[in-house]
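Okay, here's what each chain looks like letter by letter:
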Amino acid sequence: MESSKQAIAVASPAVDDDQPPPLDSPFSSLIFDFSQQIQEGMEDLLKMTNEIDVHSAEIAEDVEKCKEAALQRKKAIEEETACFQNAAYAVLDVLSIECGKQDQMLLLESETHHEL
């Protein structure tokens, strides 16, 4: 493989990338144009790849920010839920105490009626 590269390097004269090679054969200019198009295409692909890398980094950053915001909202909702549960338990305690007092009063009233 190495010897074939050397043979090609020896067989083809040094060429400036911007200038077509001297016309040794009818296909020289065609091959040169084709190689220029391929090189331009590769450069365009490299530019697009770099743009994709930049945009994907921005997207990853945005996703991370969204995750953090979602975790903060979740924590706030859990705290609010705990507060509402505590308030509901307090109301239930008050109601059960009131209900217990009413039950005691009814019990006392029924005992006094039975004694009479």
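Check the entry above for the structure.
Caption draft 1: Layout of the overall build of the chain. Scanning the chain from N- to C-terminus turns up two helices and zero strands. Looking at the chain as a whole, 3% of its 116 residues qualify as buried. Roughly 10600 Å² of accessible area belongs to the chain as shown, and the carbon and sulfur atoms make up 63% of that amount.

Caption draft 2: Focus on a nonpolar patch on the surface. On the surface, F34, I38, M42, L45, M48 and I52 cluster together to form a nonpolar patch covering roughly 620 Å² of accessible area. When you line up the elements, M48 lands in helix α2 (residues 28-115). Its relative accessible area of 43% is what places M48 among the partly exposed residues.

What counts and how
Residues numbered from 1 in each chain as written. Predicted model: local features only at pLDDT ≥ 70, side-chain atom pairs only at ≥ 80, totals over all residues. Heavy atoms only, no water. Helix = DSSP H or I, 4+ residues; strand = E, 2+ residues; numbered from the N terminus. Buried < 20%, exposed > 50% of the residue type's maximum accessible area, 1.4 Å probe, protein only. Areas by Shrake-Rupley, 256 points an atom, 1.4 Å probe, with all protein chains shown as cover. Patch = residues over 30% accessible without salt bridge, like charges linked within 9 Å, V, L, I, M, F, W, Y side chains within 5 Å. Salt bridge = Lys/Arg side-chain N within 4 Å of Asp/Glu carboxyl O.

Interpretation in functional terms is not warranted from these geometric data alone.
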